[in-house]
Each structure stands twice: as C-alpha cells, then as structure tokens.
2 protein chains.
Amino acid sequence: MYKTVTVPLPGREYDILIGPGTLARLGEWTREHARAKRAVVITETNINPLYGEQALLAMAEGGAEAVSMSFPAGEVSKNLDTIGALLKAMFHLEPAIDRGTAVVGLGGGVATDMAGFVAAICLRGLRWIACPTSLLAAVDASVGGKTGVDHEQGKNLIGAFHQPSGVIIDVNTLRSLDRRELGNGLAECVKHAVIRDPVMLDELANGAADLQTVDEAGHLAFDAERMTELVARNVAIKAAVVAEDEKESGLRAILNFGHTVGHGVEALIGYDVIRHGEAVSLGMVAANRISVQRGLLDSATADRVEEVLGKLALPIRKGNLNFDAVWRIMQHDKKARDGRVRFVLARDLGDVAIYDDVTKDEVRAAVEYVSQP
Amino acid sequence: MYKTVTVPLPGREYDILIGPGTLARLGEWTREHARAKRAVVITETNINPLYGEQALLAMAEGGAEAVSMSFPAGEVSKNLDTIGALLKAMFHLEPAIDRGTAVVGLGGGVATDMAGFVAAICLRGLRWIACPTSLLAAVDASVGGKTGVDHEQGKNLIGAFHQPSGVIIDVNTLRSLDRRELGNGLAECVKHAVIRDPVMLDELANGAADLQTVDEAGHLAFDAERMTELVARNVAIKAAVVAEDEKESGLRAILNFGHTVGHGVEALIGYDVIRHGEAVSLGMVAANRISVQRGLLDSATADRVEEVLGKLALPIRKGNLNFDAVWRIMQHDKKARDGRVRFVLARDLGDVAIYDDVTKDEVRAAVEYVSQP
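Here the structure is a predicted model, which is why all the values come from computation and not from measurement.

J.: Requested: an account of the overall build of chain A, with residues and values cited.
T.: When helices and strands are counted, chain A shows 13 helices and 11 strands. Against the compact-globule benchmark of 21 Å for 373 residues, chain A has a radius of gyration of 20 Å, which places it among compact chains. Dimensions along the principal axes, computed over C-alpha positions, put chain A at roughly 60 × 45 × 40 Å. Across the 373 residues of chain A, 59% fall into the buried class. Total accessible area on chain A stands at roughly 13700 Å², and carbon and sulfur atoms take up 47% of it.

J.: Account for unusual backbone geometry, naming residues and giving values.
T.: In the segment running from Glu94 of chain A into Pro95 of chain A, the intervening peptide bond is cis, with an omega of -5°. Structurally, Pro95 of chain A can be placed in the loop between helix 3 (80-91) and strand 5 (101-107). The phi angle at Asn156 of chain B is positive, at roughly 55°, despite the residue not being glycine. Considering the arrangement of structural elements, one finds Asn156 of chain B in strand 8 (residues 154-161). The phi dihedral of Asn320 of chain B is positive, around 60°, even though this residue is not glycine. For Asn320 of chain B, the location among the structural elements is in the loop between helix 11 (299-311) and helix 12 (323-331).

J.: I'd like a description of the pairing of strand 11 (residues 351-355) of chain B, backed by residues and values.
T.: All names here are of chain B. By the bridge criterion, 5 bridges tie strand 10 (residues 343-348) to strand 11 in an arrangement that is antiparallel. Within strand 11, the position partnered with Ala346 by the bridge is Val352. As consecutive antiparallel partners, strand 10 and strand 11 are separated by 2 residues, and within that stretch Gly350 has a phi angle of approximately 85°, a positive value.

J.: Provide a residue-level description of the environment of Ile237 of chain B, including the pertinent values.
T.: Residues and elements named next belong to chain B. In this fold, Ile237 is placed in helix 8 (residues 224-244). Looking at Ile237, the relative accessible area reads 9%, which means it is buried. Sequence-distant contacts of Ile237, that is, excluding residues within four places in its chain, are made with His192, Arg196, Asp197 and Met200.

J.: Give a description of the relation of the copies chain B and chain A that names residues and reports values.
T.: When chain B is brought onto chain A, the operation consists of a screw motion whose angular component is 180° and whose axial shift is 0.0 Å, with 0.0 Å RMSD remaining. A rotation of that kind, with that shift, is consistent with a two-fold axis.

J.: Tell me what's going on with the pairing of strand 1 (residues 3-7) of chain B, and back it up with residues and numbers.
T.: Where a strand is regular, its side chains alternate between the two sheet faces. All names here are of chain B. Where strand 1 lies against strand 2 (residues 14-19), 5 bridges are found, and the strand directions are antiparallel. Bridge pairing in strand 2 links Lys3 to Ile18. The antiparallel pairing of strand 1 with strand 2 creates a hairpin that spans 6 residues between the two strands, and Gly11 there sits at a positive phi of about 80°.

Criteria and cut-off values
Residues numbered from 1 in each chain as written. Chains lettered and ligands numbered in written order. Predicted model: local features only at pLDDT ≥ 70, side-chain atom pairs only at ≥ 80, totals over all residues. Heavy atoms only, no water. Helix = DSSP H or I, 4+ residues; strand = E, 2+ residues; numbered from the N terminus. Rg over C-alpha atoms; globule rule 2.2 N^0.38 Å. Buried < 20%, exposed > 50% of the residue type's maximum accessible area, 1.4 Å probe, protein only. Areas by Shrake-Rupley, 256 points an atom, 1.4 Å probe, with all protein chains shown as cover. Pairing = 2+ DSSP bridges. Contact = heavy atoms within 4.5 Å. Least-squares fit on C-alpha atoms with pLDDT ≥ 70 in both.

What follows is the structure, given as structure tokens:
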C-alpha cells in the first residue's frame, strides 16, 4: 500500500515514500538514504506532541541516534533568528555534530523549509530528510529542494536550493489537519491538475466529499489508499517539472500558476488571516480570468475550475481587494524581473504557458473580477 | 600582463583575472560574467576608503548600476547577525532587488566569504563576483566556492558552497597589506608548494626579499609581475584540486595540509592574536614532524620547509602550547568524522596523502616539537 516516487535530479536523485504508517521507517531511511547514524529532528511545538515521539522511536528502531528540537509553531517563527537559535543548539550538542549528522524536518511547510535551510547552511551542507505532516507540505514543499525563511520584506526571501536525501509522507499524519488546512493543500492539487493532469481535476471533484469527511473525534476520515494515490500523483507531477528545471530558470515557473496574484493577495490580507492555498485558489481564478479575457481559454473551463475549488471548500471570491496594494506587492516578488510581472496562463486543462506581457490593466480587471461580491 | 586562470567546474566554470589594475574591469565583468546590470558591493570599513570608490567607478564605466555596503572590518563581524543586517539593507533597496542583481565581495577573506554567503542565501541564490584584496583571500578564499560565517562554537560553521561567476584579483590592492598580513597569504603559498609544486618552494625562497620590500610610504613594493605570477600559480593549483573534488569528499582534503593542528592552535591562541597563515605555518611544521617520525619524509626536507617559512617571516615555533586544549579543539573540526582526526602528511615535496590513523601520542609529540623554545 506504500507508493514510492523518485525525483530524478542528476546526481541528487531521491525517493519519496508515501503511505499510512511510513513514519515508522524514518530510522531506516536516515541510515540508508541520508547515510547517517545520527540525526537532529527539527519540528514545531504543535507537531512535536503528536508525532515527535513516533519519530524518535522510529529512529531508535532503525539504529539511528537522534535528538529533537522544536520551535514555536507558525509562520511567525520562519525567520533568520530561529535559524540562528537552531544552529546554536546544534553546535552545542555533545559530541559535536559532523558532516555525518543528518537533519530531519518534521511538520508543515514551515518546519520542512526551515529544517532544509538549517541543513543547507550547517557545516556547509548536511544531508536531510523531509517528513511533511500537512498536505500542502506533502504535495508542494517536499519536492524541489526550496528551503529558507521569510524576511519582513517578503516571504521566502532568504534561502537556498538544497535537495533532501529522501522524503517520507505518512498519510496518517494528515488526519490531524483541520479542514481549512486540508484545503490549503488541495489548492495545490488543483493547480497541478490544471497545469498537467486534467483527469485529476475530475477525481478531485468526485473525491471531494470523502477527502473532507471528519470522524467523531474530529479527525479526517479519508480513505488512506485514496490519499496515498492523490499525494503520489501530485508529487510525481511536481517531480517531473522540477527534474526538467531544477533551478527555476524556465519550465519550473509553470508551478507558479495562481501564485502571481496569489502572493499579492496573501501579503495584502496577511499570512495569519488567509492560508497560502486559499490565496492560490483566488490567484488561479484571477489567472484564468485573464486567459478568458485574452481568448486563450473558454469560459466553461474556467467555470469548471471554480466549481471544483468550491467543492473543496476553497474561496473563489474575496471582496474588497485593493488592486493598487496587490500590484505593488507583485513588483517585489523575487521571480519578478526588471519590474515586469510574470504570469502562468492556462490555454486548456493540462496546457499552460508563461506570459511576460500581461498589462497592469489586465491584472486590474482580473483582481476586480475576484473581488466581486 | 594580466593572467587568467579558469576554474573548470562542470556547469559552474569561472575565470579568475589577475594583474595590476584589474579592478577597473569590475563593471565589465559584472555585466558579462555575472550577467547583471545591477550589483551590491559588500565591503569592509577598512577597505571601503581604499578601494570602494574605484570599484563603484569601475561599475559605472562598465555600465552596471551599483551601491556599496560596508560592515565593520574584521573576524568579529563574520557572523549570522551581520548577514542578517546586510540582507535587510538589500531588501530595502528601491527598486527591489531581483535575481538579476549581482553581489560583489570586495576585501579580505571575511568580506569575500560573507558576500558569497549573502549571495548564496539571498532570493535562493544570486550570482556573485569576488574581488579579494588580501593575499590570503586571493590565493585561498577566491577558489572553491566556500562561503559562510563563524559561530561562537567555531570558525566557518555556518555556510554554503556557492561558486562565484568570476574573480578579479588586482595585485595593486595587495600593496596596502602590512607584512604580517602578507605572510598570512604566503603561508598558503608554501602549503600549495608542498602539496603540488616543489619548484615554487625555491621561488618563494628566492623571491622572499622582493615580496616583503616596503617603500618609504610603508607600502609593499613587490614587482607586480612577480606577484601576478605567484598568485596565478597558486590559484591554478587550488583550482585543479577543487575541480577534481568540488564538495570536499576526498582529494580536496589535501588542501588541509597544515590545517589540522593549525586550526587547533588558532582557536586556542585566539583569532585576534594569531593570523590564520601563522597558525597554518605552525601546523605544517607539526604535520611534517609526524611525517618524519613515521619515516615518511626525510628530515632534510622538513628542515627546508621550515627554512623557507622562516625567510617569509612566518613562525615555526610557538612556546607554551597546551596540547590537551589543542587536541580538544581538533575534535570539533567540521572535517572530523566520528571523533577521528584526519591528517594530510607529506611523503616528499609535491606528494601528500591523507591519513586517518594518526594517534593522539603522535599529535602530542608534534605539538611538543613545535612548542619547544
């Protein structure tokens, strides 16, 4: 019932293990994939009580010595100060850590991004393993080697590309997500469907009810096999794109579908108010609106994407967006070049391309469309 | 009269331009090698008054827009806090920097290591150019892509491998070095001679007087052609070794000749008291002593190395070294593995190898040899 997806980067190929209960193999993977007998597990204060002990037990069973370190949960911790504090704690371990020590990131995207970055800059590079426990981190952050932290001037401004030696996604850990956090990940699944896998869009629509079912204890009660399949499929799409363009010089940009306006909306409304996936959902609606206006995409297809987003409880309208503020933030995006804004636009389901000629007026019209009541 | 050495790293090949007055070509190199029309020059407060204006003028002449930022000179600034302050200043520039912005490191090894690290982690990687203005930075830090900062637990514990897009070494900038700082670089030249270039050892001995001559104004009055040749030769040796082993998994370790004991001595005595090259000089004497004791190296050759170091005004004895303290520090070296200490030992001039079986008693005897009055 496990699935394995390989990310085929030349010289830095790694495997992603997906399924219920896979966290039990963390020690084995630390030894075999990160080639380490010792590891530092970096996790968040809200995840540690849930899975921290499981992770350390799995380490012991696999014959790897490990300690864990937690930082206060949430985006507010994702900064250079926390990185400095984690490094300091690592440098004070006895015996001293060396290049044979691995780092494990256990938690949501904040934990895996930060753990990967710690690994990137500690002793000029340690091997690391990502154990994402949110759907967003599983289908997005776990592939591509982007690591880093935020700066008060913007998200993810500080960081490095540092590929993990392996990724373990235990779909059972996703059961503790609340539905809003689940939606955060489902938005990226919709994105992958639009850019590369039209059939998955229908499957998301058909599976929407099962994916969101909650049991009496408040845990998500999805079918483990369905979730394993969904995660594997999304990870495979992202892996294929990243493998073609590791450092984001060209093709990889298609993964930013929905993210141009999405990032602007997210920064404007506030990262503590709107989730990333919710902003991307609005961003996809805006991008498709530009496509429809340009005659690239038929409006029935754009409507279908909005319908699926709605079934997954994702927002498709957001009143009172201040266009000028969104636009100003978009200029600061680190993928912007010479002040020009780059859009990924759909021409059909499974067919997107990059456009550098989208005008301010087109963006304004799209943001106004999303802002309508 | 210029020389160019290519560092042949697959996919990340770059050139090093060496000669008097080469700094004038910084703007041209920023545009052509770093493919940037805009740059941030990171320099030290003691270097900025000497060469900061020259660098900015060269930028303007080459058609690249540039601003400079200085940090307080010295190893005391080489930490994550300074990196945070530099990044903050960069993120506040208007218009916002993007991935088409280059970083330039102008100064000694502290400046080039820090500028390279800023480039490594800013927006997940900017292109950068190193302009070393000390002999040590020119012959050592400028090749290999090691970037980073210190931590209170040890030097260079935080960092990344991030190759520059080009290196410009203006040998005229070396004239403002004091003789002790010159020696700091010459020690690495002796190291390169021992590991790969026996003829250079004689040339260093023969040129020692010229290299150290000082004019009435207190500036080094070396022959520019001799210095260009010396720098080019050393850079080529290091480039050849690094090209064979970019990430320091094997061969590159031979560049640590003299550094095992050297790092211990340096940390013990204090980075503000002894220069890196001085510690390496003592470390080379200690390593050769181990070789002689093992019967790997004849004692006449070891004596010859000491003689050349002496001619270059480098220390070959240092009284009152506490062996236990040196040994403890050596265990923390980031190249140590499982608490075992790794030595590079000479078997002849130009012939060194890596030994993992050096005992604590052998190291003790060598440190005691160096400590004798």
